[in-house]
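# Observations on chain architecture
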Amino acid sequence: MKIPKGMYAKIHRHLINIEQGPIFFYVIRWTFVSLLVGVFAGFASAIFLKSLDFVTNYRENNLWIIYLLPIAGLAIGLLYHYFGQTVIKGNNQLIEEIHNPKKIVPLRMAPLVLLGTIITHLFGGSAGREGTAVQMGGAVADQLTYIFRFRPRDRKILIICGISAGFSSVFGTPLAGAVFGLEVYVLGRLRYDAIFPSLLSAILADFFCKFWNVGHTDYSQLIQIVPELSLFLLVVSIFVGILFGLTGMSFGMLTHFFTKQFRNIIPYPPLRPFIGGVLIVLFFILTTSTRYLGLGVPIILQSFSEPIPIYDFLIKMFSTSFTLGAGFKGGEVTPLFFIGSTLGSSLSEIFPLPRSLMAGMGFVGVFAAAANTPLACTFMAIELFGINSAIYMGITCVTAYLFSGHTGIYSSQVIGDPKHLILGKEVGQKLSEKKKMKNLKIKKR
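A brief report on the enclosed structure follows. The structure presented is a predicted model; accordingly, all values stated were derived computationally and were not measured. (Residues numbered from 1 in each chain as written. Predicted model: local features only at pLDDT ≥ 70, side-chain atom pairs only at ≥ 80, totals over all residues. Heavy atoms only, no water.)

## Here we look at the overall build of the protein
- A tally of helices and strands in the protein yields 19 helices and 2 strands.
- A compact globule built from 445 residues would reach a C-alpha radius of gyration of about 22 Å, and the protein, at 22 Å, matches this within 12%.
- The dimensions of the protein, computed from C-alpha atoms along their principal axes, are 80 × 60 × 55 Å.
- Expressed as a percentage of the 445 residues in the protein, the buried residues total 56%.
- When the accessible surface of the protein is split by element, carbon and sulfur atoms take 68% of a total near 20,100 Å². (Helix = DSSP H or I, 4+ residues; strand = E, 2+ residues; numbered from the N terminus. Rg over C-alpha atoms; globule rule 2.2 N^0.38 Å. Buried < 20%, exposed > 50% of the residue type's maximum accessible area, 1.4 Å probe, protein only. Areas by Shrake-Rupley, 256 points an atom, 1.4 Å probe, with all protein chains shown as cover.)

## A look at empty space enclosed by the protein
- Under the criterion given, the structure shown has 2 cavities of 30 Å³ or more.
- Listed by contribution, the elements that provide at least two residues to the lining of the largest cavity are helix H8 (152-171) and helix H17 (374-385).
- Taken together, the residues that form the lining of the largest cavity break down as 7 nonpolar, 2 polar and 1 charged.
- Looking at the second largest cavity, its volume works out to about 50 Å³.
- The wall of the second largest cavity is formed by Asn91, Ile95, Glu130, Val134, Ile163, Phe180, Val184 and Tyr410.
- Broken down by secondary-structure element, the contributors of at least two residues to the lining of the second largest cavity are helix H4 (91-99) and helix H6 (130-142).
- Residues that form the lining of the second largest cavity fall into these classes: 6 nonpolar, 1 polar and 1 charged. (1 Å grid on protein atoms, 1.4 Å probe; cavity = no way out; pocket = protein on both sides within 12 Å on 5 of 7 lines; lining within 4 Å. Points joined across faces, edges and corners; volume = space filled by probe spheres on them. Nonpolar A, V, L, I, M, F, W, Y, C, P; charged D, E, K, R; others polar.)

## Some words on the pattern of salt bridges
- Enumeration over the complete set of coordinates arrives at 11 salt bridges.
- Among the salt bridges present, the one from Asp154 reaches Arg29, with a minimum N-O distance of 3.4 Å. Of the two residues, Asp154 sits in helix H8 while Arg29 sits in helix H2 (residues 20-61), which places them 125 residues apart along the sequence.
- With its nearest N and O atoms 3.5 Å apart, the salt bridge here joins Asp417 to Arg189. In this pair, Asp417 sits in the loop between strand E2 (414-415) and helix H19 (431-444) while Arg189 sits in the loop between strand E1 (186-187) and helix H10 (195-211), placing the two residues 228 residues apart along the sequence.
- The exposure class of Arg189 is partly exposed, given its relative accessible area of 45%. (Salt bridge = Lys/Arg side-chain N within 4 Å of Asp/Glu carboxyl O.)

## Some details on the layout of surface pockets
- A volume near 1,600 Å³ is recorded for the largest pocket.
- If you go around the largest pocket, you meet 50 residues; those closest to its centre are Asn92, His256, Thr259, Arg263 and Ser411.
- Those elements giving two or more residues to the lining of the largest pocket turn out to be helix H3 (69-83), H4, H6, helix H11 (231-265), helix H12 (271-287), helix H14 (312-326) and H19.
- Estimated volume of the second largest pocket: approximately 420 Å³.
- In this structure, the second largest pocket is lined by 21 residues; those nearest its centre are Thr56, Leu295, Gly296, Val297 and Pro298.
- When residues in the lining of the second largest pocket are grouped by element, the largest group, 7 residues, is from H2.
- Residues of the lining of the second largest pocket, tallied by class, amount to 8 nonpolar, 8 polar and 5 charged.

## Some remarks on the side chain of Thr378
- On the secondary structure map, Thr378 appears in helix H17.
- Among the residues examined, Thr378 registers a relative accessible area of 16% and is labelled buried.

## With respect to the packing of aromatic side chains
- For the coordinates displayed, the defined rule picks out 26 aromatic pairs.
- Between Phe24 and Phe25 the ring centres are 5.7 Å apart and the planes differ by 70°, which places this aromatic pair in the edge-to-face class.
- Its relative accessible area of 32% is what places Phe25 among the partly exposed residues.
- Between Phe337 and Phe363, the aromatic rings sit 3.9 Å apart at their centres with planes inclined by 10°, giving stacked as the arrangement. (Phe/Tyr/Trp six-rings, centres within 6.5 Å; stacked < 30°, edge-to-face > 60°.)

## A word on the side chain of Thr255
- Topologically, Thr255 is positioned in helix H11.
- Overall, Thr255 belongs to the buried group, its relative accessible area being 9%.
- Not counting residues within four places of it along the chain, the set of residues in contact with Thr255 comprises Ser321, Leu324 and Gly325. (Contact = heavy atoms within 4.5 Å.)

## Description of H4
- By the criterion of burial, H4 is predominantly enclosed, with 8 of the 9 residues buried.
- When we look at burial in H4, the residues that qualify are Asn91, Asn92, Gln93, Leu94, Ile95, Glu96, Glu97 and Ile98.

## Some points on the nonpolar core
- Counting residues in each nonpolar core, the largest one holds 115 residues, and the members touching the most others are Phe180, Met361, Phe363, Phe367 and Phe385.
- Counting residues per element, this core draws most heavily on helix H16 (residues 355-371), at 12 residues.
- Sequence-distant contacts of Phe180, that is, excluding residues within four places in its chain, are made with Val134, Ile163, Phe167, Phe367, Thr373, Ala376 and Tyr410. (Core = buried A, V, L, I, M, F, W, Y, C linked by side-chain atoms within 4.5 Å.)

Any functional reading would require information that these geometric values do not contain.
Here is the structure:
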């Protein structure tokens, strides 16, 4: 039976007039888009993680390669100087496009950051992996704008989906990935009109990454003892949350400091990672230890069960901020896990909480402070460690977030809701602009 002419239009108008009608079409549309984002981001993360495992194992079995780090740094510097000027801002470029969509993120961001990160890890640079996955996810997702002719408001959602997909697939945490994409670009606010595609993209990216038999570090059995929360332990949790917040703030400030110093002292960008690589190699020769190179996952796992020297978190903080400040590529999150878990492990000698719980609280707390993402980090703790420790993790993440102030590793974050009313004048400013405003006030005085 033929449907009369114009019947489709009438059905469409009827559905639009029903409250759930537009939502139905929205869900259908973004389910298809999220599927594409999930497939591409998950596949990209799978390639990245497999490559990262290979180069890490090769470096550990061939330590002589670390001496070539300056040459590797020069190669990365030349690569970005001549081919990557349009994508050099990395994660901050994605955040800026969400706030003010102008140009589609160049696809070259994905292969450049992938290659740069692999080279960094192969030759012993201290860096993470989240930044790489997020940039690949965001860059690949934004290419769909060419196909679907997305308007600026839809492009914002699309980039959020790419960020969520990249984060989810690289850590195996779809809930945390979804919330991270919604939370990371504005300090103090969430964007709920993107919640469905963000969640779906994160779930699908994680699924398609695992489809390629990519494994993630298993943290589920590390926290065995979780004491019942009391008023005293609540106060202890808040206090250690403050310490983790100050640590996360220090990491962000130190990274920006080294970045600024390298830019001021060395005018030619390709030489920055070369000279940085020379200094890192000298440090390796002096210490003869690979403990602070690469991701540091074995030390993270060790911190949940064994005593860790108090200086470990400080050395990792300096080595990672120096590596990234010099121009090497990679993320900050896994090194932040290292910094937080080792600090938490050391603090368990002082505070009356189990070592494994304190290591876990530091693991997510320092990250929450540095990235200004307390909800994403709380979800991450639940997905990685289980629900039993959720209250402690939530207290730590929120407290650490508050005490890191209006600082962070992502300088393009915009202050949506201030962390305190006294800071209300900073609403609408980027974290980088806030620093400039302070400098202007000092000059005027």
